[in-house]
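# Examining the three-dimensional arrangement
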Amino acid sequence: VKPGRTPPAGVFAAWGAANMLLAIVLVGFRATPVQYPIYLLAAALVLLNAAAVWMVLRRRHGRPPPWREPPPGDSVLIFALAVFLGGLAWSYSWYLLPAVVPLLPLAALRERKARRQRTSP
Amino acid sequence: MRTATRRNPLPRPVASRAGWTEWLVSTDHKRIGLLIIGTGITLLGIFGLVALTMRAQLTRPGQHILSPQMYNQFFTMHGTGMIALVITPLALGLGVYLVPLQIGAPVIAAPRVTLLAYWLYVAGAVTLILSVAVPGGAAVSWWGYTPLSNATYSPGPGTNLWVAGVLLSATGMLLLSATLGWTILTKRAPGMTLLRMPLFTWSELVTVFMGLPAFPALQAAMVMIALERAMPGTFGSNTWNILYENFFWFYGHPVVYIMFFPFVGCVLEALATFAGRRPFGYEGTVLALLGFSVLSMAVWGHHLFASGQVANDYYSMTSILLAVPAGVEYFAMLGTIVYGRLRYTTPMLFALAFIPQFLIGGLTGIMVATPAFDYNANDSYFIVGHFHYTLFAGSAFGLFAGIYLWFPKATGIMHSEKLGKLHFALLVTGTNVTFLPFFGLGFLGMTRRIVTYPAGEGFGTLNLVSSIGAGIIGLSFMIFIYNLYTSARQRVPAPPNPWGAFTLEWATSSPPPRYNFSARYPVPPIRSYAPLLDLRLRQQRAGEPERAGALPTRGNR
């Protein structure tokens, strides 16, 4: 195999296809019916990712990958805190739910500010 | 390694308050990677203490250090914590730090998604720790089988918190897998084709292949438990119980490989570096990694052999087939060190110890992949010995090989080799003294997850030996932390390539600049999977002075 001739999406797709093959072999062994959908859905998920990678690289036409300086992640931290408190509210005490409410708009505001400040190095 | 440069200590960095808060919201993949690794090592200490308490309880028959309910909570916390919060995040966290450096990328793909993944992981960790701290704490083991985990048999908020914690950390790991995969496939520097990527990066790529389908299966399983707990009877029949087990193990087995492939990558890199030669059988190893990861998605049913609900012959066949790619990988490891000029540094010692210890884990895995054997060994300490040899004697040794190998790169300072070797000696002793007796206990008939055992069963001596070994492991961990502490205090500067390694991350400064490479440290031409070796060989042929340290020559061309 030549180093330049291995398309990334191809590796991904081959991996998904090999899983499909193993799932089909499983049919011959009379497995519990619930196992096929789990297995086939997982293989399909991988093939979907392969398709996404193929499309992105095709649009790029061999150019080096573009990149921008990422803005800081204040909004990400606030959003994660909201998710954490939401999880606690569901699993432990509903009283925590009001704490989640102001965090979501705050995260959105910080996100909007961060996107406006985005620059290229 | 350390004494040569001790006279020139680095200035101690002065971190302002703003500097520390910048770390928490930084989108630099190196900072996020170090945060994940730091959190993982902290949690390793916490869940290691949980394990030591369990070993103390089992040291002698009839002890009462922990009540039965507490013991159940402790092994739930130990299992869930080590798998979901320690080894998996460390495996992916190493990738977050190293992969962009190894492929010549200035940033990771979707850096803020990576940061979100880290914080969801932290949220999951806090929630999971709370799940045993509240009254009626979670005691459902790391798999949370139904109906044990439903509202009837596990009432109270503990199991709710456990479900939420697993769900949060699984979401974090899924996002980490996605950004790592996207980085490897779309952000490589010009010239860095797939078959020129370092083996560590390949190990992360196949880990991502497994993680992408596996983590959603765990999320689905957790949603099922959550629905059943919120609306009892939703998944009341035995069909649903089996469905849950299938969803869980569709995650539960690949995650075993997610927890060791990156560490196999660390070992392969350490062996090549300290043997002073290119990795032996590069293409074969890549194919073996891919084949291994494909098969790893097809073996989950072997956890259900004893249930009578799966096609045992299929899962036995695919599980035993794993020996083929594993054999290729072992052949590559041994081929790399044969004819190499070995340097017995701390990372090399950990990598060398990985080889026989992981072999014990792998070979006992083949034994339990046979249903006839598995029926007898199922739920015994033999199984506990098998997976601890895989995940501790294997993965932990690969982890420490990786940590010691890349510590100078990540921090810009050298660790103490003397303390590193002491850590190694204690860990290799402690590991084998702790886990080898488990096989004997399994053969004697000691079952898993029991809080104590009768004095006349003959389990006492082996349990005592195992507990002494656990203490030695604890001591080795303290030596490791002390090594980090003294290294941070003494600050002996590390050059860009202190080990004379061949992959791209060693071409930049230690620690690397914000965007990994710069005008002073550019990405060198990439014409093979060992670009720095190519560069040095070209410099040698041209008669130029070497810049990057001693060049091992045997077996390189």
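All figures in this text were calculated on a predicted structure; none of them were measured in a lab.

## Section: helix 13 (residues 346–368) of chain B
The end-to-end C-alpha distance of helix 13 of chain B, which contains 23 residues, comes to 33 Å, matching closely the 33 Å that a straight helix rising 1.5 Å per residue would cover. At Ile-355 of chain B, helix 13 of chain B shows its maximal bend, which comes to roughly 30°, and the proline Pro-356 of chain B appears one to four places after that position.

## Comments concerning the confidence of the model for chain B
Keep in mind that low pLDDT regions are not for reading the predicted coordinates in detail. All names here are of chain B. Residues of chain B with pLDDT of at least 70 account for 94%, and the chain-wide mean is 91. Across residues 1–8 the pLDDT falls below 50, and counting only partners more than four positions away or on other chains, this stretch makes 17 contacts in the model. Predicted confidence is poor over residues 548–557, with pLDDT under 50, and the contacts of this stretch with residues over four places away or in other chains come to 24 contacts. For this predicted complex, the interface confidence comes out at an ipTM of 0.88, alongside a pTM of 0.93.

## Considerations on the packing of helix 3 (residues 74–91) of chain A against helix 4 (residues 111–133) of chain B
Two elements in contact, helix 3 of chain A and helix 4 of chain B, have axes separated by 9 Å at closest approach and are oriented at 30°. As far as their axial angle goes, helix 4 of chain B and helix 3 of chain A are roughly parallel. Considering the relative orientation of helix 3 of chain A and helix 4 of chain B, their crossing is right-handed. On the side of helix 3 of chain A, the interface is formed by Ser-75, Val-76, Leu-77, Phe-79, Ala-80, Val-83, Phe-84 and Leu-88 of chain A, while helix 4 of chain B contributes Arg-112, Leu-115, Leu-116, Trp-119, Leu-120, Ala-123, Val-126, Thr-127 and Leu-130 of chain B. Residues belonging to the contact of helix 3 of chain A with helix 4 of chain B are distributed by class as follows: 14 nonpolar, two polar and one charged.

## Some points on a nonpolar patch on the surface
A cluster of nonpolar side chains, Leu-21 and Val-25 of chain A together with Met-317, Leu-321 and Val-324 of chain B, forms an exposed patch at the surface whose accessible area comes to about 420 Å². When contributions to the nonpolar patch are tallied by element, the ones reaching two or more residues are helix 1 (8–28) of chain A together with helix 11 (312–321) of chain B. Here Val-324 of chain B shows up in helix 12 (residues 323–337). Judged by relative accessible area, Val-324 of chain B falls into the exposed class, the value being 54%.

Conventions used here
Residues numbered from 1 in each chain as written. Chains lettered and ligands numbered in written order. Predicted model: local features only at pLDDT ≥ 70, side-chain atom pairs only at ≥ 80, totals over all residues. Heavy atoms only, no water. Helix = DSSP H or I, 4+ residues; strand = E, 2+ residues; numbered from the N terminus. Expected span 1.5 Å × (residues − 1). Bend = angle between axes of the 7 residues up to and from the residue. pLDDT = per-residue confidence, 0-100. Contact = heavy atoms within 4.5 Å. Axes fitted to C-alpha atoms, helices over the stretch in contact; angles between N-to-C directions. Parallel < 35°, antiparallel > 145°, perpendicular 65-115°, else oblique. Left-handed = near helix turned anticlockwise from the far one by under 90°. Nonpolar A, V, L, I, M, F, W, Y, C, P; charged D, E, K, R; others polar. Patch = residues over 30% accessible without salt bridge, like charges linked within 9 Å, V, L, I, M, F, W, Y side chains within 5 Å. Areas by Shrake-Rupley, 256 points an atom, 1.4 Å probe, with all protein chains shown as cover. Salt bridge = Lys/Arg side-chain N within 4 Å of Asp/Glu carboxyl O. Buried < 20%, exposed > 50% of the residue type's maximum accessible area, 1.4 Å probe, protein only.

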